[in-house]
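# Structure at a glance
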Amino acid sequence: QQQVKQSPQSLIVQKGGIPIINCAYENTAFDYFPWYQQFPGKGPALLIAIRPDVSEKKEGRFTISFNKSAKQFSLHIMDSQPGDSATYFCAASGRGGADGLTFGKGTHLIIQP
Amino acid sequence: GAGVSQTPSNKVTEKGKYVELRCDPISGHTALYWYRQSLGQGPEFLIYFQGTGAADDSGLPNDRFFAVRPEGSVSTLKIQRTERGDSAVYLCASSLGVADTQYFGPGTRLTVL
């Protein structure tokens, strides 16, 4: 059972555009929703995370939108740059993030110059 | 400061052999997580330690997999009678405490021939 569904699998955006990556979850016990960025040969690195008491969170060029009733959340990258080209994973966890993370399958993002 | 380190970075073994993968967490981090990432997939949770004890081992796929953290710092993931399907990148993450950000290491790429 895939508990976190992520789309699209791949995405190509021109420099300066706003890529949007979407995730949906099934487990209502999830209460911590991070996004990770991964470059080839490296481990995932935390970008931004949200808890369900807020509907939006911004950190720099990254924004998470969260819809608790629809059990969906999304990542927006403002003013995207070629250096943002990477694989992005949404994840979810219970007990405020203490549990192991359940990851989506990832989105391979390419920002064209 | 130093991040999470994992050794070896690459391990090639033959089907049926025993392997050990090591994780050195960030100093002072009490929680430690193991994940497995197959090609083109998101990381999959295996086990999590709080201190020396395994708080949740529900992600271990079968009894060939075992992990220890005897002194509450370094952890070793042990795989007996390896199978070709065990080939993946094994990631370790640590966090300062429960529900804190998980910081990932670069992973160990395991190849079972």
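Notes on the structure in this doc start here.

### Observations concerning the pairing of strand β7 (residues 65–68) of chain B
Residues Phe-65 and Ala-67 of chain B line the buried face of β7 of chain B, whereas the alternating positions Phe-66 and Val-68 of chain B sit on a face that is not buried. Once β7 of chain B ends, the chain turns through six residues before running back antiparallel as strand β8 (residues 75–79) of chain B, passing Gly-72 of chain B with a positive phi of about 75°.

### Side note on the layout of surface pockets
For the largest pocket, the calculated volume is near 590 Å³. Gln-38 of chain A together with Gln-37, Leu-39, Gly-40 and Arg-109 of chain B are, among the 29 residues lining the largest pocket, the residues nearest its centre. Of all the elements in the fold, those that place two or more residues in the lining of the largest pocket are β9 (86–94) and β11 (107–112) of chain A together with β9 (88–95) and β11 (108–112) of chain B. Considering every element that reaches the lining of the largest pocket, the biggest residue donor is β11 of chain B, with four residues. Looking at side-chain class alone, the lining of the largest pocket contains nine nonpolar, 17 polar and three charged residues. Empty space within the second largest pocket amounts to approximately 480 Å³. Along its surface, the second largest pocket is lined by 26 residues, and Leu-101, Thr-102 and Phe-103 of chain A together with Glu-44 and Phe-45 of chain B are the ones closest to its centre. Only β9 and β10 (102–103) of chain A together with β4 (31–37) and β5 (44–50) of chain B provide two or more residues apiece to the lining of the second largest pocket. Among the elements that make up the lining of the second largest pocket, the one with the highest residue count is β9 of chain A (three residues). Of the residues assigned to the lining of the second largest pocket, the class counts are seven nonpolar, 14 polar and five charged.

### Digging into the interface of chain B and chain A
Taken together, the 17 residues of chain B in the interface contact 20 residues of chain A. With both sides pooled, the region where chain B packs onto chain A buries about 1,300 Å², and carbon together with sulfur makes up 52% of that total. Sorting the residues of chain B by area buried against chain A places Pro-43, Ala-99 and Phe-104 of chain B first, and these three jointly supply 31% of that buried surface. Where chain B touches chain A, the interface holds zero salt bridges. Inspection of the region where chain B meets chain A yields four residue pairs in polar contact (both at pLDDT 80 or more). Among the elements of the structure, β4 and β5 of chain B are those that each provide at least two residues to the side of chain B that touches chain A. Considering each element in turn, the side of chain B that touches chain A owes the most residues, three residues, to β4 of chain B. Across the side of chain B that touches chain A, the residue classes break down as 10 nonpolar, seven polar and no charged.

Cut-off values and rules
- Residues numbered from 1 in each chain as written.
- Chains lettered and ligands numbered in written order.
- Predicted model: local features only at pLDDT ≥ 70, side-chain atom pairs only at ≥ 80, totals over all residues.
- Heavy atoms only, no water.
- Buried < 20%, exposed > 50% of the residue type's maximum accessible area, 1.4 Å probe, protein only.
- Helix = DSSP H or I, 4+ residues; strand = E, 2+ residues; numbered from the N terminus.
- Pairing = 2+ DSSP bridges.
- 1 Å grid on protein atoms, 1.4 Å probe; cavity = no way out; pocket = protein on both sides within 12 Å on 5 of 7 lines; lining within 4 Å.
- Points joined across faces, edges and corners; volume = space filled by probe spheres on them.
- Nonpolar A, V, L, I, M, F, W, Y, C, P; charged D, E, K, R; others polar.
- Contact = heavy atoms within 4.5 Å.
- Buried area = accessible area lost by both parts, 1.4 Å probe.
- Salt bridge = Lys/Arg side-chain N within 4 Å of Asp/Glu carboxyl O.
- Polar contact = N/O pair within 3.5 Å; in protein donor to acceptor, adjacent residues only side chain to side chain.

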